[in-house]
Amino acid sequence: MVGVGLLLASRASFRAFTPESVETGLALVAVSLFVRMVLAAGALLAYHRLVPDGFAPFAVALASGFLVMYAVELVRYGKVFARPR
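Heads up: these notes are all about the structure in this document. For clarity, every value in this text was computed on a predicted model and none was experimentally measured.

Details of the overall build of the protein
Okay, so step 1: A count of helices and strands for the protein gives 3 helices and 0 strands.
Okay, so step 2: Helices and strands appear in the protein in the N-to-C order α-α-α.
Okay, so step 3: Considering the protein as a whole, with its 85 residues, one finds that 21% of them fall into the buried category.
Okay, so step 4: Long-range pairs, those at least 24 residues apart, make up 54% of the contacts in the protein between residues at least 6 apart in sequence.
Okay, so step 5: Carbon and sulfur atoms make up 72% of the accessible area of the protein, which amounts to about 6,100 Å² in all.

This is the structure in structure tokens:
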């Protein structure tokens, strides 16, 4: 559920990132990334406090998902500025 929310937030932030509004889009993506990082850290803290026995698998899954989404965003970011050959 947390991963789906982070994915939807990522997609929403990239809708404003167009070649016509690069600065605004980049600012929105950067702020969105920071907010999602804080939410992920909050989820880790809450899960650690509520279900300490299942914390390790949850932490690995959440951190892995966050890193995968970060890599996807970097690839998308690179495609926006890619020049046709």
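Moving on, there is more to tell.
Some thoughts on a nonpolar patch on the surface
Okay, so step 1: On the surface, Val31, Phe34, Val35, Met37, Val38 and Leu39 cluster together to form a nonpolar patch covering roughly 560 Å² of accessible area.
Okay, so step 2: Structurally, the position occupied by Phe34 is in helix α2 (residues 22–50).
Okay, so step 3: Overall, the relative accessible area of 52% leaves Phe34 in the exposed class.

Section: the environment of Val29
Okay, so step 1: Mapped onto the fold, Val29 is located in helix α2.
Okay, so step 2: Residue classification places Val29 among the buried residues on the basis of a relative accessible area of 11%.
Okay, so step 3: Once the C-alpha coordinates of Val29 and Ala16 are considered, the two residues, 13 residues apart in sequence, prove to be 8.5 Å apart.
Okay, so step 4: Ignoring anything within four residues of it in the chain, the contact list for Val29 reads Ser13, Phe14, Phe17 and Glu73.

Criteria and cut-off values
Residues numbered from 1 in each chain as written. Predicted model: local features only at pLDDT ≥ 70, side-chain atom pairs only at ≥ 80, totals over all residues. Heavy atoms only, no water. Helix = DSSP H or I, 4+ residues; strand = E, 2+ residues; numbered from the N terminus. Buried < 20%, exposed > 50% of the residue type's maximum accessible area, 1.4 Å probe, protein only. Contact = heavy atoms within 4.5 Å. Areas by Shrake-Rupley, 256 points an atom, 1.4 Å probe, with all protein chains shown as cover. Patch = residues over 30% accessible without salt bridge, like charges linked within 9 Å, V, L, I, M, F, W, Y side chains within 5 Å. Salt bridge = Lys/Arg side-chain N within 4 Å of Asp/Glu carboxyl O.

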